[in-house]
Amino acid sequence: MSEQPTGAVIAATDGSAQAAAAVRWAADEAVRSGRPLRIVHVQPSATFGLPDIPPPEADEARSAESRRILAEAVGVVGDRPGLDVTTDNVLGEVARVLRELSTPRDLLVLGRRGRGRFAELLLGSTSLKVAGTTKGPLVVVRGDAHGPRGEVVVAVAFDLDQTAALEFAFDAARRRGAVLRAVHAWDTGEVFAPYAESAPVVVNPMETLSKLLEPWREANPDVKVAEEVVTEHPAAALTEASRRADLLVLGTHRRGPLGHFVFGSVGHATLHHAHTPVAIIP
């Protein structure tokens, strides 16, 4: 059994309904893991959004809007006994600030879509950069609101180090009292790892999956594990598996040539189509 998570759960908000859903999810996770919740709003610099108001009036208007957004986010959290909640207004460019906020000890939580510049975060190229450059775990809250489904799904590749993703997934399943479903998917005629363009051919993938998970089962006897091998494209298989899950956990590649973690094309597709929050673990 792993130690209690340290650091904070950091929820980014821009005042949108999607961000509010992310804040609620982050608050629930903070309570489950016994960590503090930090709610952050990134206030744009320059005169973005207020072109007709001269400084310093524009600065004060933006600051007032930021205070309103943060106050609304605190209202979304509500009264949760024992939960330590702080707020922070940070001046800067959204993607850069969020990357800088990410640390290996903290859990960064974002909504699927937002408004204004924040909306760009998970709609195009910016999302790919954020998903591949965070220093710690990132959760993108998406999918329809639903009650507990009782499963945490983790994607398993055979050619990558799965330690961080499996540790996160086992912890998440334990805290929820959920079944951990380990899914390995490969397309007909050619084997694919979930986050690589190619993978080694495996004669018996179910046996390989069981052997890979054996030490994890022994170390986590309190977590029920289900194993699943699917002969389908990984993006489609993981998207389908997310329909019955409370959380989908994806790992990333090792560091790329520019020193960034590489978030593969299958991961991108899954992020955009999953029916539940997606955790991206470097």
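These figures come from a predicted structure and were not determined experimentally.

Engineer: Help me out: how do you make sense of the nonpolar core in this one?
Structural biologist: A general tendency of soluble globular proteins is for nonpolar side chains to be buried together. Ranked by size, the top nonpolar core spans 41 residues in total, and within it Leu37, Val109, Val152, Val154, Leu180, Leu247 and Val249 carry the most contacts. No other element matches the seven residues that helix α5 (residues 163-176) contributes to this core. Each residue touching valine 154, except ones within four places of it in the same chain, is listed here: Ala165, Leu166, Ala169, Leu180, Arg181, Ala182, Val183 and Val249. Judged by nonpolar contacts, the second largest core, of 29 residues, contains Val97, Leu101, Ala245 and Leu271.

Engineer: Quick question: what am I supposed to make of the packing of aromatic side chains here?
Structural biologist: Going through the model one piece at a time under the given rule, you end up with one aromatic pair. Ring centres of phenylalanine 170 and tryptophan 216 lie 5.7 Å apart, and the angle between their planes is 15°; on these two criteria the pair is classed as stacked. Taken together, the residues span a long stretch of sequence, with phenylalanine 170 in helix α5 and tryptophan 216 in helix α6 (residues 205-219) at a distance of 46 residues. With respect to class, phenylalanine 170 is no different from tryptophan 216; both count as buried.

Engineer: I would appreciate a short explanation of the environment of alanine 241 in the present structure.
Structural biologist: Mapping alanine 241 onto the fold places it in helix α7 (residues 234-241). Remark: the alpha-carbon pair of alanine 241 and glutamate 151, spanning 90 residues in sequence, is separated by 9.6 Å.

Engineer: Would you mind going over the environment of glycine 34 with me for this structure?
Structural biologist: Mapped onto the elements of the fold, glycine 34 is located in the loop between α1 (17-33) and β2 (37-43). We classify glycine 34 as exposed; its relative accessible area is 62%.

Engineer: Even after reading the chapter, I still don't get the pattern of salt bridges, so can you show me in this structure?
Structural biologist: Opposite charge on two side chains allows them to pair when their charged atoms are near. Summed over the entire model, instances satisfying the criterion amount to 17 salt bridges. Of the charged contacts, one joins arginine 244 and glutamate 151 as a salt bridge, the two residues approaching to 3.4 Å between their closest N and O atoms. Remark: glutamate 151 occurs in strand β6 (residues 151-155) and arginine 244 occurs in the loop between α7 and β9 (247-251); sequence separation between them is 93 residues. A salt bridge links glutamate 227 to arginine 217, with the shortest nitrogen-to-oxygen separation between them at 2.7 Å. With glutamate 227 in strand β8 (residues 225-230) and arginine 217 in helix α6, this residue pair connects regions lying 10 residues apart in the sequence. Residue class for arginine 217 comes out partly exposed when judged on its relative accessible area of 33%. Among the charged side chains, a network of salt bridges with common partners joins Glu29, Arg32, Arg175 and Arg176.

Engineer: What is the right way to look at the side chain of aspartate 14 in this model?
Structural biologist: With respect to the element layout, aspartate 14 can be found in the loop between β1 (9-12) and α1. The buried category is assigned to aspartate 14, whose relative accessible area is 6%. A polar contact is formed between the side chain of aspartate 14 and the side chain of serine 16, at a distance of 2.7 Å.

Engineer: So what exactly am I meant to see when it comes to α6 here?
Structural biologist: For an α-helix, the turn length of 3.6 residues means that residues three or four places apart are oriented alike. Taking 1.5 Å of rise per residue, the 15 residues of α6 would be expected to cover 21 Å, and the 22 Å separating its terminal C-alpha atoms lies within 8% of that figure. Of all the bends found along α6, the most pronounced is centred on leucine 213 and spans about 40°, while proline 215, a proline, follows it within four residues. Along α6, the residues that are buried comprise Pro205, Leu209, Leu213 and Trp216. Looking at the packing, one finds that the buried side of α6 touches α5, β7 (179-185) and β8.

Engineer: Looking at this structure, I do not really get the pairing of β1. What am I missing?
Structural biologist: The two faces of the sheet receive side chains in turn, since in a regular strand these alternate between them. Across the two faces of β1 the burial is the same, with Val9 and Ala11 and Ile10 and Ala12 all buried. Judged from the four bridges that link them, β1 and β2 form a sheet pairing that is parallel. Bridge pairing links valine 9 to leucine 37 in β2. Chirality of the crossover, the property in question, places the unit of β1, α1 and β2 among those that are right-handed. One ladder, built from three bridges, connects β1 with strand β4 (residues 107-111); its direction is parallel. Following the sheet pairing, valine 9 is matched in β4 by leucine 107.

Engineer: Could you clarify how one ought to interpret the confidence of the model for the chain in this entry?
Structural biologist: The predicted coordinates ought not to be read in detail in places where the model reports low pLDDT. Across the chain, the average pLDDT comes to 81, with 75% of residues at or above 70. The model gives residues 117-127 a pLDDT under 50, and that stretch makes 27 contacts with residues more than four places away or in other chains. Confidence drops under a pLDDT of 50 for residues 256-262, and excluding neighbours within four residues, the segment shows 15 contacts in the predicted structure.

Engineer: What should I look at first to understand the sheet that holds β9 in this one?
Structural biologist: Strand pairing in a sheet takes place through backbone hydrogen bonds and is either antiparallel or parallel in direction. Strand order in the open sheet made by the 10 strands is β3-β2-β1-β4-β5-β10-β9-β6-β7-β8, with mixed pairing throughout. In this open sheet, the two edge strands, each paired with only one partner strand, are β3 (85-91) and β8. Averaged over all adjacent pairs, the angle separating strand axes in this sheet is 25°, with direction ignored. Pairing geometry for β7 and β8, over six bridges, is parallel. Directly across from histidine 184, in β8, lies its bridge partner valine 229. α6 rests against β7 and β8 of the sheet, and its axis sits at about 155° to β8. Sitting on the sheet, α7 touches β6, β7, β8 and β9, and the angle it makes with β7 is about 160°.

About the thresholds
Positions within a chain are numbered from 1, following the residues in the order the chain's sequence is written. This being a predicted model, a pLDDT of at least 70 is required before a residue's local features are given, and a value of 80 or more before pairs of side-chain atoms are given or counted; all residues contribute to the totals for chains, interfaces and linings. In computing side-chain values, all of the structure's heavy atoms are included and hydrogens and water are not. Here, nonpolar core refers to any group of buried Ala, Val, Leu, Ile, Met, Phe, Trp, Tyr and Cys residues whose side-chain atoms link them within 4.5 Å. Any residue under 20% of the maximum accessible area for its type is buried, any over 50% is exposed, and the rest in between are partly exposed; the area is computed with a 1.4 Å probe on protein chains only. Note on conventions: DSSP H or I runs of at least 4 residues are helices, E runs of at least 2 residues are strands, and numbering of each starts at the N terminus. Contact definition: two residues touch when any of their heavy atoms are within 4.5 Å. Put simply, two rings from Phe, Tyr or Trp (the six-membered ring, in Trp's case) pair if the centres are within 6.5 Å, and we call them stacked under 30 degrees between planes, edge-to-face over 60, tilted for the rest. Salt bridges are defined as contacts in which a side-chain nitrogen from Lys or Arg sits within 4 Å of a carboxyl oxygen from Asp or Glu. Whenever two N or O atoms come within 3.5 Å, that pair is a polar contact, provided that in protein one can donate a hydrogen and the other can accept it, and provided that, for residues adjacent in sequence, both atoms are side-chain atoms. Here the expected length of a helix is defined as 1.5 Å per residue gap, with one fewer gap than residues. Each residue is assigned a bend, namely the angle between axes fitted to the seven residues that terminate at it and the seven residues that start at it. For two strands to be treated as a pair, DSSP must find no fewer than two bridges joining them. Seen with the strands pointing away from the viewer, any crossover whose path from the first strand over the helix to the second strand runs clockwise is right-handed. pLDDT is defined as a per-residue confidence score from the predictor, taking values between 0 and 100. For helices, the axis comes from a line fit to the C-alpha atoms of the stretch in contact; other axes are also lines fit to C-alpha atoms, and the angle between any two N-to-C directions lies between 0 and 180 degrees.

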